[in-house]
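Residue-level structural notes
Here is what each chain is made of, one letter per residue.
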Amino acid sequence: PSHDTGNSGRAYKFSGSQSIILNSIILHNYISSGFTVSYWMKVKDINTNGELISNYDGVNGLQIQVQIAGTNPIYSLLRHSLRTYSRNPPEINGHYKIQNANSVWHHGVMVWKPPYMISYLDGVLLDSINGNGLNNFSVCCGIKTVIGSRWNGGNGYNDVIDDVAFWSRGLNIVTGK
């Protein structure tokens, strides 16, 4: 990816066909104790789908995506998801409408504090979803953390991501702008 003006300093600008692979950040190691992912994003075009952050192997893991939703008008939807094949149902998803999506910075936070997936956008608590039974990832194929696309390079993000941070525990977040 190239660099762009970020929310604080320089950010990564993705074109939809690039990604950054972080082999040292393996979130499934913290599925029983919890973790937190924080990021800043811009959505240039509400007609865009794309994977912001993926720690996924095609079956198990974490996905943070921007998706197209609605018909008239079309709008952007933020998706936080945790999935494990060993749970029934196998995944928990939060879908959240992004207000004022076009080229405005938004701060997203996904907290896993077992058994809850807690989602925030721009300092506002969006949801707390009970993921009871989601206590391990039976990883099949060398899971890795990817910024800007899916684990397999598909569904690339086409805009700017800044200040991605990972914690190996579920943080207590103070809400408000």
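Before reading on, note that the structure itself is shown above.
Predicted, not measured: the structure shown is a model, and the values here were computed from it. (Residues numbered from 1 in each chain as written. Predicted model: local features only at pLDDT ≥ 70, side-chain atom pairs only at ≥ 80, totals over all residues. Heavy atoms only, no water.)

1. A word on unusual backbone geometry
Operational definition: Put simply, DSSP H or I for four residues or longer makes a helix, DSSP E for two residues or longer makes a strand, and each gets a number counted from the N terminus. Here the term buried applies to any residue with accessible area under 20% of the maximum for its type, exposed to any over 50%, and partly exposed to those in between, with areas from a 1.4 Å probe on protein chains only.
Here the amide bond leading from Pro-114 into Pro-115 is cis, since omega sits at 5 degrees, within 30 degrees of zero. Turning to its location among the elements, Pro-115 is positioned in the loop between strand S9 (106–113) and strand S10 (116–121). Within the chain, Asp-122 stands out as a residue other than glycine whose phi angle is a positive 55 degrees. With respect to the helices, strands and loops of the structure, Asp-122 is situated in the loop between S10 and strand S11 (124–130). Although it is not a glycine, Asp-163 sits at a positive phi angle of roughly 45 degrees. Given a relative accessible area of 34%, Asp-163 falls into the partly exposed group.

2. Here's the deal with the side chain of Ser-119
The line we're drawing: In what follows, residue pairs with any heavy atoms lying within 4.5 Å of each other are defined as contacts.
Positionally, Ser-119 belongs in strand S10. Excluding its chain neighbours within four sequence positions, the residues that come into contact with Ser-119 are His-80, Tyr-96, Val-109, Val-124, Leu-125, Leu-126 and Asp-127.

3. Details of the pairing of S10
Rules: Two strands qualify as a pair provided DSSP detects at least 2 bridges between them.
S10 sits mainly inside the fold: five of its six residues count as buried. When S9 meets S10, the two strands line up antiparallel, connected through six bridges. Looking across to S10, one finds that Val-111 is bridged to Ile-118. Joining the antiparallel neighbours S9 and S10 is a turn of two residues. Where S10 lies against S11, six bridges are found, and the strand directions are antiparallel. When the sheet's bridge partners are listed, Met-117 is paired in S11 with Ile-129. The hairpin formed by S10 and S11 contains two residues between the paired strands, and Asp-122 there has a positive phi angle of roughly 55 degrees.

4. As for the pattern of salt bridges
Heads up, the condition is: We count a salt bridge whenever a side-chain nitrogen from Lys or Arg sits within 4 Å of a carboxyl oxygen from Asp or Glu.
Following the criterion strictly, the structure yields two salt bridges and no others. The salt bridge involving Asp-4 is made with Lys-13; its shortest N-O contact spans 4.0 Å. Taking relative accessible area as the criterion, Asp-4 reaches 27% and is therefore assigned partly exposed. Take Lys-13: its relative accessible area is 29%, and that puts it in the partly exposed class.

Worth remembering: the numbers are spatial, not functional.
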